Structure formats: structure tokens, C-alpha cells
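# Descriptive analysis of the structure
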Amino acid sequence: MTPQFPAALSAAAVPQPPQAPGVLVVDDDEAIRQMLAAVLSRDGLSVTTAADGEEAVAAFAAQRHAVVLMDVRMPRMTGLQALAEIRKLDRSASVILMTAFAEVGSAVQAIKDGAFDYVIKPFDIAEILLLVGRALQMRRMRDDIATLHRELSSSYHTDRILTASPRMSELLQTIAKVAKSNATVLVTGESGTGKELVAAAIHYNSPRNAGPFVKVNCAAVPEGLLESEFFGHEKGAFTGAQARRRGRFEQAEHGTLFLDEIGDISSSLQVKLLRVLQEREFERVGGAELMRTDVRVIVATNRNLEEMVRQGLFRQDLYFRLNVVTLRTVPLRERPEDVRLLASHFLQRFATENQIDVSGIDEQAMERLLAYRWPGNIRELSNAMERAVVMSTGAMIVAEDLPEQIAGRADDGDPVAGDSAAGIEASASVAGGGALREQVSRFEARVVAEALARNDGNRMKTALELGISRRSLLYKLQEYGIS
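Here the structure is a predicted model, which is why all the values come from computation and not from measurement.

## Things to note about unusual backbone geometry
Residue Pro122 follows Lys121 across a cis peptide bond; omega there is -5°. Counting through the fold element by element, Pro122 comes out in the loop between β5 (117-120) and α5 (125-155). The backbone of Asn377 shows a phi angle near 60°, a positive value even though the residue is not glycine. Structurally, the position occupied by Asn377 is in helix α15 (residues 377-391). For Asn377, a relative accessible area of 0% translates into the label buried.

Right, dumping it as C-alpha cells:
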């Protein structure tokens, strides 16, 4: 079956998330169960309740729930034991633990073992609703990515172009038109923006899709060997040529030849390439036989060929011959809609490849990803998410898992508005000296305690005032013994 290119994935075309299966509330205190069930039901959620860990596991086995809100200390089976059993049934379930302050250490360990988050009793209802909302959002995101994977893998032959950007949607529509022709295409754009993906999309949706798609990175091949790479050579044509070799033009016969970094080829090779494009014929290096070729050529570059023509570094006639149709890829900083989508896609991919159990990106880490300028574009985002997956210690990617330039700095190198306490600790570490660190810790403890008092003990408001995450605040409260 001939592979078809997917329709442009504009925001309107992204599949709608399925209805959430619901929330399972688990607590041995009936009053708490009823109260949480009433509050969550008013929020439009389907709620099931269970009185202990055993009932929770049985209820979850009977019906998969998107979120499990569960107490830690219960008779027969504790929340931590039930967490382990639920994770065996469905590793994608988001389990939020309710725990006493004295058991925070166990809850933190539970997060490393796969829990989504935890909340300390007595809790704020607003805090519960916020956590459940985030967990459901994460579930919908995973469902969206899974749906996109299924649709694209069935409709596109090899690589996938994921986007919710209107500008990228326009590019995909242009690709669909260009693919039907046999015209030479020049793909321009910054490094890491997917120029090879564009070339592949054109080939696999063209009348030549049954033929080969052959790629050459002109910058990666030594200049003295590039002519042989293009056209092949005869035996004895040069030192080391021990046998006849077919070049890439021959290998791509009746298909497509993609020449990446075309701005890096020498002036002498530019002349020979122009001849091939105009006459559709060439000779192997060291040979006299005239070879005919039936190949569509797509070239790409991150350099400004017009400026190179003005400087005499690139032949004008070759530029005009290549510039029949020009497509410009969109830098990631100009398609911010795609950062969240692509980050989740790469997370799923690298988690699967490395067999690491990580299911999502927490809010603070996502804010850092969205604030970053991405000079390396999609390739840099892919590398950053692979690093984050490998460095992760819990079920969620946190800011600390990201590369330093992303976790610590935002747009144009300005410091990211992050954890104030973390900044103080970093300064103390640089300055060195136990006495200084002790003074900083005392100062930090006083700042946290005063902020907590100003907010009448409300942890969410305190975290917002201090500019840190709720989880970081809870760590500080435990570290300094602040009740």
C-alpha cells in the first residue's frame, strides 16, 4: 500500500482527548471519603470510593481509573502497598497519596516508586482539586500522544512531523502540493529544524515513493571524496579505488536524492552538479562512459545561498537551478505551540527506548522548556528530553532533570524565575565554607517560616509568594522542622 502523508496537524486537527475514566478515592475515614467524593463530583468527575488498600486494588482491577487519591495509613493494606499493586495493573495511573506530616519521607520515596504526587493532611480542598486536575491533564496528554503515534505510524512511511503550529500546517500543505511534481526543491532553515523530514515527506508522497530515498550530508564527506560519493568511481581511479563503486546518483535511480548542506560543496563540484541537473547525465570518476540518470534532487542548507552568490562563493546559475521551489522550515522558537507536544513525544520515545518508567513533565519543568529559546531547535529539544529521561528519579520529569542552560536560564539568557531557596543554596556552594552555609540555612528557614505565618499556614499561597514549587516548600518544611 502506498504510504500517504498525514493531513496538516493544525490545532483544530489534533485529536480530542477521550473522556477521563474517573477518580478512585481511598481512605478508611468514611467522612473524608464522602467529602472528597462530593467535591470531585461537583467538579464533573466520576468518583468511586474504597475503604482500604485491598478494596482499592479490587476496584481498580474492575475499572481502570485515571487518578487514584489514596491515604497512606490504612488497615489490611497500606496505601504504599496498594500503590505497588495498582502499578502492576496499570503503570499509567496517576496515584496521589494523602499522608501525615510525619510520613512525608515515605511519600517522597513513593514518588520515586511511581506515585504522581502527595498531599499532607490536613489538606486544602483547592490543593486536592489542583493536583487531580494536573493528573488528569497529564493523562489526556499521554492519550493525545498515543493517538498521534497510532495515526501517523499508519499513514506515514517513516518519520513523523508532529505540529500544532499554524505556520507548520501551511508548510505541510505546501509539501503536499510540491510532492506531486518532479521539481527540484531547496529546503532552507536553521540546523535542527527538520529539513531532512521535509525531504522525506516530499519523497514518500510523490510518484517516486516506490523508489529509493538516498541521503548525502555534503559537510560530513571530505571534499576530495565528495565527487566519488555523488557519481561513483571506476577501479583504479585514485589511490584506494580497488573496485568500481556506484555513486549516490546511481543508487537513487527512479527515486529521490537528498543533498544536505549543499552550501558546503566546492566550486568545481558545483559545475558538475549543475550539469547533472540540466543534462541528466554524468561520468563516474576515472570513467568515460556517459551515465543517464532519472533522479529527483532535493537540497538543503542552513546557509544564506543568496549572500554566498553575492560573495562569489556559490554559482549563480546553480542557485537558480536549485531554487525552483523553496521551502523554509520554521525554528522552534517561532512555533511555541509545538514545544509541549514535541517534548511529550520525545519523553515517551526515550522512556520506551531506555526502559525507564517516567510518565510526564511537571509544571515547573514545562515552564522552563516553554521559556527557552531553543537555538538548536528540535534536535536540541530531543537531546534535552533524552537527558531528562535518563537523569529522572521519579515518575515525572522535574526542572532539575533538564540541562543546566534550560533549567537555570530562560529567554535570551535571563535568569528563570525559579526557586529562591535554590538560588541561595547555589550561592553558598560557590562561596564555600560550612559557616556560610549554616548562616544561609538559618536565614532561609526564617524566610520560609515568616512567609508561612503571613499566609496563615496555607502552603499553596506560601509557595507562590516564595516563587518555589509546592513540593520544594514541603521539602523545606521537613528539612527545617517547620510545622
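## Structural notes on helix α19 (residues 459-466)
Three- or four-residue spacings in an α-helix give side chains the same orientation, since the helix completes a turn every 3.6 residues. Listed as buried for α19 are Arg459, Met460, Thr462, Ala463 and Leu466. Taken end-on, α19 shows its buried residues confined to a sector of 165°, consistent with a single buried face. Near the N-terminus of α19, the side chain that reaches the backbone nitrogen of Lys461, with its oxygen 3.0 Å away, is that of Asn458. Gly467 sits one or two positions beyond α19 and adopts a positive phi of about 75°.

## Considerations on the environment of Phe282
Assignment of secondary structure puts Phe282 in strand β11 (residues 281-282). For Phe282, a relative accessible area of 3% gives the class buried. The spatial distance from the C-alpha of Phe282 to the C-alpha of Phe230 is 9.8 Å, given a sequence separation of 52 residues. Not counting the four nearest positions on each side in its chain, Phe282 is found in contact with Phe231, Phe249, Glu250, Val276, Glu289, Leu290, Met291 and Thr293.

## Quick look at the pattern of salt bridges
Note on pairing: side chains with opposite charge can pair once their charged atoms come close. Applying the stated criterion across every chain yields a total of 29 salt bridges. Two residues, Asp52 and Arg76, come together in a salt bridge whose shortest N-O distance is 2.8 Å. Here Arg76 lies in the loop between β3 (67-71) and α3 (79-89) and Asp52 lies in the loop between β2 (47-50) and α2 (53-62), a separation of 24 residues in the sequence.

## Let's talk about the packing of aromatic side chains
Note on aromatic pairs: each is described by the distance of the centres and the angle between the planes. Counted according to the given criterion, the structure contains 10 aromatic pairs. Residues Phe230 and Phe231 carry aromatic rings whose centres are separated by 5.9 Å and whose planes lie at 80° to one another, so their mutual orientation is edge-to-face. There is no split in this pair, since Phe230 and Phe231 are both buried. Measuring from ring centre to ring centre gives 6.0 Å for Phe249 and Phe282, while their planes differ by 45°; the resulting arrangement is tilted. With a gap of 33 residues between them, Phe249 in helix α9 (residues 248-251) and Phe282 in strand β11 connect regions that are remote in the sequence. One exposure class covers both Phe249 and Phe282, and it is buried.

## Some thoughts on the packing of helix α6 (residues 166-179) against helix α7 (residues 195-204)
One way to put it is that α6 packs onto α7 with a least axis distance of 8 Å and a crossing angle of 40°. Viewed along their axes, α6 and α7 adopt a mutual orientation that is oblique. The crossing of α6 and α7 is right-handed. Within the contact between the two elements, α6 uses Leu171, Ile175, Val178 and Ala179 and α7 uses Val198, Ala201 and Ile202. For the contact of α6 with α7, the per-class residue count stands at 7 nonpolar, no polar and no charged.

## Looking at the sheet that holds strand β1 (residues 23-26)
Consider a sheet: its strands pair through backbone hydrogen bonds, and that pairing is either parallel or antiparallel. The 5 strands are arranged β2-β1-β3-β4-β5 in an open sheet whose pairing can be described as parallel. Since the sheet does not close on itself, it has two edges, and those belong to β2 and β5, each with one partner. This sheet shows a mean twist of 20° between the axes of neighbouring strands, independent of strand direction. Contacts between α2 and the sheet are confined to β1, β2 and β3, with β1 contributing the most and set at about 165° to the helix.

## Looking at empty space enclosed by the protein
Using the criterion set out here, one finds 1 cavity of 30 Å³ or more in the structure. Looking at the largest cavity, the residues that line it are Arg87, Arg91, Ala93, Ser94, Gly114, Ala115, Phe116, Ser359 and Ala395.

## Topic: helix α1 (residues 30-42)
Spanning 13 residues, α1 covers 18 Å between terminal C-alpha atoms, matching the ideal 18 Å at 1.5 Å per step. Regarding α1, the residues found buried are Ile32, Arg33, Leu36, Ala37, Val39 and Leu40. Just downstream of α1 lies Gly44, where phi reads positive at about 85°.

## Regarding the confidence of the model for the chain
Scored by pLDDT, the chain has a mean of 82; 84% of the residues are at 70 or more. Taking the mean pLDDT of every element in the chain, the minimum, 38, falls on helix α17 (residues 420-431) and the maximum, 97, on strand β13 (residues 296-301). A low-confidence stretch, residues 149-159 (pLDDT under 50), is modelled with 27 contacts involving residues beyond four sequence positions or located in other chains. Here residues 409-434 is modelled with pLDDT under 50, and outside its nearest four sequence neighbours on either side it reaches 38 contacts, counting other chains as well.

## With respect to the environment of Leu171
Take Leu171: it is sitting in helix α6. In this structure, the C-alpha to C-alpha distance between Leu171 and Val198, residues 27 residues apart in sequence, is 9.1 Å.

## Things to note about the sheet that holds strand β7 (residues 213-217)
Reading across from one edge, β7-β10-β13-β6-β14 is the order of the 5 strands in this open sheet, with parallel pairing throughout. In this open sheet, the two strands that pair with only one neighbour each are β7 and β14 (325-328). Adjacent strand axes in the sheet meet at a mean angle of 20° when their direction is disregarded. Note: β7 against strand β10 (residues 256-260), 5 bridges, orientation parallel. Across the sheet, the residue bridging to Asn217 is Asp260, located in β10. Relative to the sheet, α7 contacts β6 (185-188), β7, β10, β13 and β14, its axis offset from that of β7 by approximately 160°.

## A closer look at the nonpolar core
Ranked by size, the top nonpolar core spans 36 residues in total, and within it Leu24, Val26, Val68, Met70, Ile86, Leu97 and Tyr118 carry the most contacts. Here the element with the most residues in this core is helix α4 (residues 104-112); it accounts for 5 residues. Leu226, Leu274, Val295 and Met308 belong to the second-largest nonpolar core, a separate cluster that totals 31 residues.

Thresholds applied
- Residues numbered from 1 in each chain as written.
- Predicted model: local features only at pLDDT ≥ 70, side-chain atom pairs only at ≥ 80, totals over all residues.
- Heavy atoms only, no water.
- Helix = DSSP H or I, 4+ residues; strand = E, 2+ residues; numbered from the N terminus.
- Buried < 20%, exposed > 50% of the residue type's maximum accessible area, 1.4 Å probe, protein only.
- Arc of directions from axis to C-beta.
- Polar contact = N/O pair within 3.5 Å; in protein donor to acceptor, adjacent residues only side chain to side chain.
- Contact = heavy atoms within 4.5 Å.
- Salt bridge = Lys/Arg side-chain N within 4 Å of Asp/Glu carboxyl O.
- Phe/Tyr/Trp six-rings, centres within 6.5 Å; stacked < 30°, edge-to-face > 60°.
- Axes fitted to C-alpha atoms, helices over the stretch in contact; angles between N-to-C directions.
- Parallel < 35°, antiparallel > 145°, perpendicular 65-115°, else oblique.
- Left-handed = near helix turned anticlockwise from the far one by under 90°.
- Nonpolar A, V, L, I, M, F, W, Y, C, P; charged D, E, K, R; others polar.
- Pairing = 2+ DSSP bridges.
- 1 Å grid on protein atoms, 1.4 Å probe; cavity = no way out; pocket = protein on both sides within 12 Å on 5 of 7 lines; lining within 4 Å.
- Points joined across faces, edges and corners; volume = space filled by probe spheres on them.
- Expected span 1.5 Å × (residues − 1).
- pLDDT = per-residue confidence, 0-100.
- Core = buried A, V, L, I, M, F, W, Y, C linked by side-chain atoms within 4.5 Å.

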